[in-house]
Amino acid sequence: MAYDAIIIGAGMSGLAAGIRLAMYDKKVLILERHYVAGGLNSYYHKFKRPFDVGLHAMTNFVPKGTKRAPLTKILRQLRIPYDAFQLREQHGSQIHFPSVQLDFDNDFETLRAEVRRAFPDQIDGFDALTKRVLAFDDTSLDAKPIPSRQILEEHISNPLLIEMIFCPLMYYGSPNENEMEFGQFCIMWKSVFSEGFARPEGGVRTIIDLLVKKFKELGGELRYSQGVAKILTKEGKAYGVELERERGLTKISTKPRPRSDATEVIEAIQILSTAGAPETWAMTEGLSAGEPKEAGALTFMESIACLNVEPRELGADKTIVFFNRSDERFDYSRAEDYADLRSGVICATNNYAHETPLPEGILRVTSIANWEKWRALEKPEPYTALKEKWFEGQLQVMEDVIPGLAANTMRDRITVHDVFTPTTIWHFTRHERGAIYGAPEKLRSGITPIENLYVGGTDQGFLGIIGAMLSGISIANAYFLRGA
């Protein structure tokens with residue numbers, strides 16, 4: 001018997017869609033290549049510790065009982081109580097440029113007051129931009145993409161303020177180099193500035209385990225270490241998938257492979273792929289490889305340092321710092337070298353309002369990277385040596401941006417550290433080029449040229465944990481549950 005739905009990928013989008021469908025007694029199978037769920041927001045173990053990947057912060061935080069907010073909507077749609085996410089608010093974050101710093105937290109008035117302080121002649125334009133952003137319908141599945149830089153320039157005349165606004169929003173949600181589609185800009189403004197940051201107690205695993213448990217309790221089936229080789233079609237309609245012969249995280253080609261009688265074929269009435277649009281096109285019979293155009297160029301490397309003290313004891317008292325080391329234009333584009341240390345994100349994981357203090361200090365620093373350079377390296381050498389070299393560079397950047405780290409001998413407080421690169425991202429997610437935010441051209445509708453096949457998640461244009469879950473829910477409601 002065929003499944004009602006096959007979902008490719010057990011990330012936040014796939015799990016949310018699976019839960020929504022299983023609520024209505026749909027027979028649902030989720031196929032996940034990795035041996036844990038979560039996708040781009042997951043975790044791994046090393047040095048006898050769990051490390052979060054992807055999650056500096058869960059955006060879209062709102063207090064319990066807030067109406068008409070994305071967080072409230074997904075909890076209602078998935079029938080999950082607010083307290084189950086165990087969210088702990090940020091202490092406060094910062095946009096850091098050499099001559100100006102803007103603090104912000106989960107109260108939008110904090111950022112507004114900072115703009116008034118640092119850019120008094122820009123506050124009216126900032127208020128007008130805020131009003132325009134809040135009025136924009138960013139949930140429409142058929143909205144036409146428009147660039148945002150020109151819109152910002154209509155309201156704000158100071159180029160430095162424009163770059164400071166772009167810095168956190170691009171780092172947390174733009175697949176486009178040096179530009180941001182306005183709908184995506186509005187989504188990120190609301191999720192970062194209007195709402196805010198939180199972290200689940202226990203890290204991202206708290207949410208992953210909750211979603212997986214809910215899906216299985218509703219009768220859903222989840223297979224780990226199981227990749228999809230092909231999405232099968234007939235007469236322009238998807239009817240099933242062909243699984244990869246080798247289970248687990250093995251090297252694959254994105255080119256279609258010849259059919260083998262040794263592989264397993266599973267049929268379904270409808271299929272949702274959260275693997276990414278270019279990746280879905282490459283898997284699907286009858287789809288042109290040139291559409292959508294190509295994967296994004298933006299990928300990252302990140303270093304995680306564990307400390308024997310709390311970061312705030314070393315002077316790192318902000319939850320997240322989005323920095324640019326020049327007052328000139330913030331250059332958000334593919335790194336020329338292995339990484340670009342001119343800008344980045346520093347996260348002090350301890351600086352959330354945790355009920356139980358973390359067992360050690362954790363500092364994370366993220367930089368834009370270059371997929372092609374990392375991909376060309378032989379392992380373990382010189383790959384391992386270059387990871388250490390760039391880790392040292394990132395440590396220096398943290399000390400430059402937060403002087404207290406050097407003054408308080410941060411390096412002497414590091415107990416263990418780890419580094420992941422674009423090739424790490426590709427290995428565990430198979431996102432082409434390690435592109436965190438997927439393809440620049442989004443499929444807002446989720447509809448593909450193949451009947452019964454839909455795309456959700458990153459390449460639908462909904463990013464972050466809450467955005468990804470909204471994506472899965474929106475696809476399930478719009479196309480899989482019509483009439484249910």
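See the structure above.
A brief look at the structure comes next.

About the thresholds
- Residues numbered from 1 in each chain as written.
- Predicted model: local features only at pLDDT ≥ 70, side-chain atom pairs only at ≥ 80, totals over all residues.
- Heavy atoms only, no water.
- Helix = DSSP H or I, 4+ residues; strand = E, 2+ residues; numbered from the N terminus.
- Rg over C-alpha atoms; globule rule 2.2 N^0.38 Å.
- Buried < 20%, exposed > 50% of the residue type's maximum accessible area, 1.4 Å probe, protein only.
- Contact = heavy atoms within 4.5 Å.
- Pairing = 2+ DSSP bridges.
- Salt bridge = Lys/Arg side-chain N within 4 Å of Asp/Glu carboxyl O.
- Arc of directions from axis to C-beta.
- Phe/Tyr/Trp six-rings, centres within 6.5 Å; stacked < 30°, edge-to-face > 60°.
- Lys NZ or Arg CZ within 6 Å of the ring centre and 35° of its normal.
- Axes fitted to C-alpha atoms, helices over the stretch in contact; angles between N-to-C directions.
- Parallel < 35°, antiparallel > 145°, perpendicular 65-115°, else oblique.
- Left-handed = near helix turned anticlockwise from the far one by under 90°.
- Nonpolar A, V, L, I, M, F, W, Y, C, P; charged D, E, K, R; others polar.

Next up on the list: the overall build of the protein chain. Within the protein chain, the secondary structure is distributed over 14 helices and 18 strands. Relative to the compact-globule value of 23 Å for 484 residues, the protein chain shows a C-alpha radius of gyration of 22 Å, a close match. Projecting the C-alpha coordinates of the protein chain onto the three principal axes gives extents of approximately 65 × 50 × 45 Å. Residue burial in the protein chain is summarised as follows: out of 484 residues, 61% are buried. Of the contacts formed within the protein chain by residues at least 6 apart in sequence, a portion of 73% connects residues at least 24 apart.

Before going further, it helps to spend a moment on the pairing of strand E14 (residues 320-324). A regular strand places its side chains so that they alternate between the two faces of the sheet. Across the five residues of E14, five count as buried, placing the element largely inside the fold. Of the pairings in the sheet, the one linking E14 to strand E15 (residues 339-348) comprises five bridges and is antiparallel in character. Within the sheet, the bridge partner assigned to Phe323 lies in E15 and is Gly344.

As a further point, take the pattern of salt bridges. Taken as a whole and assessed by the stated rule, the structure comprises 26 salt bridges. Between Glu163 and Arg149 there is a salt bridge, and its shortest N-O distance comes to 2.9 Å. On the criterion of sequence distance, the pair formed by Glu163 in helix H6 (residues 159-171) and Arg149 in helix H5 (residues 149-155) is long-range, its members being 14 residues apart. Here the two residues Glu163 and Arg149 agree in accessibility, since each one is buried. As a salt-bridge pair, Glu372 and Arg334 come within 3.7 Å of each other at their nearest N and O atoms.

For the rest of this paragraph, the subject is helix H2 (residues 70-78). Of all the positions in H2, only Leu71, Ile74, Leu75, Gln77 and Leu78 are classed as buried. Projected down its long axis, H2 shows its buried positions confined to an angular sector of 165°, all on one face. If you follow the buried residues of H2, they end up packed against helix H1 (12-23), strand E5 (87-89), helix H8 (204-217) and helix H14 (464-480). Just beyond H2, the residue with positive phi is Arg79, at close to 55°.

Another point: the packing of aromatic side chains. For the structure on display, the rule yields 26 aromatic pairs. Ring geometry for Phe108 against Trp189: centres 6.2 Å apart, planes inclined by 45°, an arrangement best described as tilted. Separated by 81 residues along the polypeptide, Phe108 in helix H3 (residues 108-118) and Trp189 in helix H7 (residues 182-195) bring together distant segments of the chain. Here Phe108 matches Trp189 in class, with each residue buried. Ring geometry for Phe300 against Tyr437: centres 6.0 Å apart, planes inclined by 70°, an arrangement best described as edge-to-face. Within this pair, whereas Phe300 is found in strand E13 (residues 299-307), its partner Tyr437 is found in the loop between helix H13 (422-429) and strand E18 (453-455), the two being separated by 137 residues in sequence. Judged by its relative accessible area of 6%, Phe300 is buried. Assessed through its relative accessible area of 11%, Tyr437 is described here as buried. Each residue in the set Phe104, Phe108, Phe126, Phe136, Phe166, Tyr172, Phe182, Phe185, Trp189, Phe193, Phe197 and Phe322 is aromatic and connected to the rest through ring pairs, giving one cluster. For Arg375, the ring lying beneath its charged end belongs to Trp426, and the centroid distance is 4.4 Å.

Our focus in this paragraph is the packing of H2 against H14. Two elements in contact, H2 and H14, have axes whose closest approach is 10 Å; the angle formed by their N-to-C orientations is 50°. By the angle class used here, H2 and H14 are oblique. When you trace H2 past H14, the crossing you get is left-handed. Within the contact between the two elements, H2 uses Pro70, Leu71, Lys73, Ile74, Gln77 and Leu78 and H14 uses Ile466, Met469, Leu470, Ile473 and Asn477. In terms of residue class, the contact of H2 with H14 is built from eight nonpolar, two polar and one charged.

In this section: the environment of Met410. With respect to the secondary-structure elements, Met410 resides in the loop between helix H12 (403-407) and strand E17 (414-420). Residue classification places Met410 among the buried residues on the basis of a relative accessible area of 0%. Remark: the alpha-carbon pair of Met410 and Val309, spanning 101 residues in sequence, is separated by 9.2 Å. Apart from residues no more than four positions distant in its own chain, Met410 is found in contact with Leu307, Leu314, Leu363, Leu395, Met398, Glu399 and Leu405.

The next subject is the sheet that holds E17. The sheet built from seven strands is open, its strands ordered E7-E6-E14-E15-E16-E13-E17 with mixed pairing. Two strands lie at the open edges of the sheet, namely strand E7 (101-104) and E17, each paired on one side alone. Direction aside, neighbouring strands of the sheet carry axes that sit 15° apart on average. One ladder, built from six bridges, connects E13 with E17; its direction is antiparallel. Residue pairing for E17: Ser303 is matched across the bridge by Val419. Packing of H6 onto the sheet brings it into contact with strand E6 (93-96), E7, E13, E14, E15 and strand E16 (361-369), and relative to E14 it is tilted by some 125°.

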